[in-house]
Amino acid sequence: MLRRSINRPVLFVLLLFLAATTVSAQTGQSFLVDQLTLMSRFSEVQSHSDTDAENPDTAIIKEFIKNIGTENDAEQDDSPLSESLAAFCRHAFADSSNPGLLRTLQVSGRLQYHARGNSQKNVAEKPFSHHVKEAISINKARSEFYAMASNGQTKGLSKLYTSFEYCLLPLAAIFDKWAQRLNKRGVPAMQNDFVSMAGIPARETAPRHTGAFDRQGALAFDNLLHAFQRQVYAAASRKDFLKVQLLAIDALNGLKKLAMQNNCNVSLSIHLVESVGLAARNADLLSRQHQKKADNFYRAFIILQAAGVRMFSKLDIKAQPFHMQGIGIITNDLPAIPFP
């Protein structure tokens, strides 16, 4: 059959080439949907037989595409949206994730970042997107300073950091739209989940700790985050937001202990765990004040943040050699989060 004769890498490159010819004319979200649709079709073409069960990865992507159009429907049951968003986020940021999926999110995020818009409106109506864009802008602006201080050695880390942040923007846009719908119903979802970047340390600030993990320390670090991630998935899926807060506190204590023992910084991981804890605290409060109307939203929102913890933790490890040189990349670029 024809599909059996198609070389998988060649076909995939061809699909990306065809998609790239229309990128400039697309918005970030339309590009995302078009590319994910191509990916799912490509997976189907590569199936070995018509009777094979659907690839689980393809099923996750299809459910995501089907449900993301419902975030503005006031009468729509939001449980399917919550479940499909949570599943997609876990899949997208898993260690074994298809790199093509992350690349699709990244390109979509770049389109979204460069799109014009009213900045004041973005703060009020798009708090998640605004926060990520603000972080990207600061990291891009500081990258040259860090590169000069390191003789260019930090360029790869800065580029990787912003590429990860771009991946968040398409998902942030979905959560912003969903939050707007809840806001119109009198539920202040995502109104207090982000901290301004205005108060971050100066780029010249020397890092407090100047060590780095050895092999044993790095393993303990990854094990701690893996356990936290797995446990948060379970608790958030049950909408047990109090348990998520307790898990975040335990993880923060463990991270700070590891950092002290190794005289190193794990600032980004601490930041993300604090953010999970803050979201869980807000979720618990809104659940009690608004008859659980935001529970499905916060289940998916918390799982998104937890899904990215281990992927972003790689940046902490890559930053430590520069901290040893007195360069505060990453650790200087994060605001303090009021949690616990």
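Residues numbered from 1 in each chain as written. Predicted model: local features only at pLDDT ≥ 70, side-chain atom pairs only at ≥ 80, totals over all residues. Heavy atoms only, no water.

A.B. asks: Let's hear about empty space enclosed by the protein: which residues, and what values?
C.D. replies: Under the defined criterion, the tally for this structure stands at 3 cavities of 30 Å³ or more. Phe 128, His 131, Leu 168, His 271 and Leu 272 are the residues nearest the centre of the largest cavity, which is lined by 25 residues in total. With 5 residues, the single largest contributor to the lining of the largest cavity is helix α12 (residues 267–289). Residues that form the lining of the largest cavity fall into these classes: 17 nonpolar, 5 polar and 3 charged. (1 Å grid on protein atoms, 1.4 Å probe; cavity = no way out; pocket = protein on both sides within 12 Å on 5 of 7 lines; lining within 4 Å. Points joined across faces, edges and corners; volume = space filled by probe spheres on them. Helix = DSSP H or I, 4+ residues; strand = E, 2+ residues; numbered from the N terminus. Nonpolar A, V, L, I, M, F, W, Y, C, P; charged D, E, K, R; others polar.)

A.B. asks: Outline the packing of helix α5 (residues 79–92) against helix α9 (residues 155–184), listing residues and values.
C.D. replies: Interhelical geometry of α5 versus α9 gives an angle of 160° and a closest axis separation of 12 Å. When the axis of α5 is compared with that of α9, the two are roughly antiparallel. Taken as a pair, α5 and α9 cross one another with a handedness that is left-handed. Note on element contacts: α9 touches α5 through Leu 171, Ile 174, Phe 175 and Trp 178, opposite Leu 81, Ser 82, Leu 85, Phe 88 and Cys 89. (Axes fitted to C-alpha atoms, helices over the stretch in contact; angles between N-to-C directions. Parallel < 35°, antiparallel > 145°, perpendicular 65-115°, else oblique. Left-handed = near helix turned anticlockwise from the far one by under 90°. Contact = heavy atoms within 4.5 Å.)

A.B. asks: Let's hear about the pattern of salt bridges: which residues, and what values?
C.D. replies: Evaluation of the coordinates by the stated rule reveals 6 salt bridges. The residue Asp 222 makes a salt bridge to Arg 310 at a minimum N-O spacing of 3.0 Å. Of this pair, Asp 222 sits in helix α10 (residues 215–237) while Arg 310 sits in helix α13 (residues 295–323), and the two are 88 residues apart along the sequence. For Arg 310, a relative accessible area of 14% puts it in the buried group. Put simply, Asp 240 and Arg 238 hold a salt bridge, and the shortest N to O gap is 3.8 Å. For Arg 238, a relative accessible area of 53% puts it in the exposed group. (Salt bridge = Lys/Arg side-chain N within 4 Å of Asp/Glu carboxyl O. Buried < 20%, exposed > 50% of the residue type's maximum accessible area, 1.4 Å probe, protein only.)

A.B. asks: Could you give an account of the side chain of Ser 267, naming the residues involved and the relevant values?
C.D. replies: Inspection of the secondary structure puts Ser 267 in helix α12. Judged by relative accessible area, Ser 267 falls into the buried class, the value being 18%. Those residues in contact with Ser 267 that lie beyond four places of it in its chain are Asp 316, Thr 331 and Leu 334.

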